[in-house]
Amino acid sequence: MSCTLTTRLAVVSMLVCLQVSASASVNKTAEFVATAEWQVIAEGQAIPKGLHVRINLQTGLKEAKLLDPSERDTALQSQSSDSESGSVSTDDRLSIEYKADLIEESVRKVKEQRSYAELRKAYKDFQKNFRTDAEVIVQLIEEYRNFSRTPLDKELKPKLNTLENLGYMLHQIDNALVFIDSGGLDDVLLPIVVNDTNTALKVSAMRVLGALAGNNPKAQIKVFERNFGSHLAQIMMSSTNSAEISTALHAFGALLRKFPLAQHRVLSTSGTQALIGVLRSADTELRNKAKVVTLIGDLVLEKRHVLDEGKEEALAQYVLLEFESWLQSNGYCAALEAVLSTDYVHLLDQADVVEQFIDALQTTESLCKPLWSQSPTLRHALLTVRNRFAHSQDEYRLEVSQALSALCERLYDKFGHTEL
């Protein structure tokens, strides 16, 4: 530190000498006339008592000015002691002020150095602990592989935590592909979905499956190749657990949407049967049945939109897809009629679920109108729900009621039903 200070003093001294040498050589004894503004003091030039003296650290030059009023009072108090020892030399004044400036500057530098050191340390710690998403995913897969070495009661919670963490990360397309390429489908999800008997694990695994397959064509292909469609269909047909059916439907939809090959292979075999089976099940809650008809409606509309657009490549992929025929042969129209005719009372307080059923009825109206238009029980159910919502003060319920009115007019008005 002392070496640095000495070096700094030497540099400043050299700058002072260079910058004032010209004026000092002309007149070193000229009288210094002080003002309220800072003025440069020539080297060796005498200055009167009672001035404020400093070294300008930007220029390295000695400067002086008259004291401010507040400074003058302090100076007068010390004047008597100064007169006893004679005038205070310019060098003494400069020495005192310059040392104070150096101390302040040194303190500032130390603070800056300390702050910079702390930042460097924090950055190094960050680099040491930083891991990419891919590294985290690989680590989570490896952790799950190691769980089999511990008893089931000890491994359940860590397994669930691992699946939850994966679920957050695999919505991103690149992360999902890293998971697949690292063996996640084969070593983590497939064994759970196919063989595990723990409902919580199955629900969590299917949630992860739905996250990675959604809007991710490359992931959909990998999921399809491992026959997940059939496994999910089997769960929907056999399970009575609401959460298990719900997450199976979610993963099933994520696999099939915008993937005509999977739709053809899965829906032409057990897939359509599984969907209709959920509709027919007396143990399945209405919200899950609403999810079924929503998925059915989405898949029907998907093909219709492709046909309307008339793109040759897309048409070739959907031409063999006969989903509406498969729906008819598996009793979709009768199953949906039975759901609404039997459970409509439970819909009176669930406007959002009613809207899902309305959308499905409208989408498949042309397919099922011959049956629905002749069903007095379906008509009664629709009108009952419509009338309940028609007297509501809630704007959303009123909109649902209007949609029901329009649907009922199309289904029944032409068949002599005047009570609408």
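What counts as what
Counting of residues starts from 1 at the beginning of each chain's written sequence and follows it residue by residue. Per-residue local features of the predicted model are confined to residues with pLDDT of at least 70, and side-chain atom pairs are confined, for both listing and counting, to 80 or more; whole-chain, interface and lining totals are unaffected and use all residues. Neither water nor hydrogens contribute to the side-chain values; these are computed over all heavy atoms in the structure. Labels follow the DSSP assignment, with helices taken as runs of H or I lasting at least four residues and strands as runs of E lasting at least two, numbered in each case from the N terminus. Three labels apply to residues, based on accessible area from a 1.4 Å probe with only protein chains included: buried if under 20% of the type maximum, exposed if over 50%, partly exposed otherwise in between. The definition of a nonpolar core used throughout is a set of buried Ala, Val, Leu, Ile, Met, Phe, Trp, Tyr and Cys residues joined through side-chain atoms within 4.5 Å. An automatic or database domain assignment supplies the start and end points of every domain. What makes two residues a contact is simply this: any of their non-hydrogen atoms within 4.5 Å. In the sections that follow, a salt bridge refers to a side-chain nitrogen of Lys or Arg positioned within 4 Å of a carboxyl oxygen of Asp or Glu. Note on pairing: two strands pair once DSSP finds at least 2 bridges between them.

Trans is the prevailing form of peptide bonds, just as negative phi is the prevailing case for residues other than glycine. Of note in the backbone geometry, Asn215 takes a positive phi value of approximately 55° without being a glycine. On the secondary structure map, Asn215 appears in the loop between helix H9 (199–213) and helix H10 (217–225). Residue classification places Asn215 among the exposed positions, given a relative accessible area of 67%. At Lys258, a position not held by glycine, the phi torsion is positive, near 60°. Residue position: Lys258 is located in the loop between helix H12 (242–256) and helix H13 (260–280). Judged by relative accessible area, Lys258 falls into the exposed class, the value being 65%.

Turning our eyes to something else, we now look at the nonpolar core. Residues Phe179, Leu189, Leu212, Phe252, Tyr332, Phe357 and Leu382 are the most contacted members of the largest nonpolar core, which totals 96 residues. Of all the elements, helix H14 (residues 286–309) adds the most residues to this core, at nine residues. Counting residues domain by domain, this core receives three or more from each of domain 1 (117–226) and domain 2 (336–414). In contact with Phe357, not counting residues within four places along its chain, are Leu286, Lys289, Ala290, Val293, Leu336, Val339, Leu340 and Leu347.

For the structure shown, the criterion picks out 11 salt bridges. For Asp349, the salt bridge identified is with Arg388, shortest N-O distance 3.8 Å. Within this pair, whereas Asp349 is found in the loop between helix H17 (332–347) and helix H18 (351–363), its partner Arg388 is found in helix H20 (residues 376–390), the two being separated by 39 residues in sequence. The exposure class of Asp349 is exposed, given its relative accessible area of 62%. Relative accessible area serves as the criterion here: at 43%, Arg388 is assigned to the partly exposed category. Between Glu365 and Arg410 there is a salt bridge, with its nearest N and O atoms 3.1 Å apart. Of this pair, Glu365 sits in helix H19 (residues 365–372) while Arg410 sits in helix H21 (residues 395–412), and the two are 45 residues apart along the sequence. By relative accessible area, Glu365 is classed as buried at 11%.

In this section: the sheet that holds strand E3 (residues 62–66). Strand order in the open sheet made by the three strands is E1-E3-E2, with antiparallel pairing throughout. Every other strand in the sheet has two partners, leaving strand E1 (39–40) and strand E2 (51–55) as the edge strands with one partner each.

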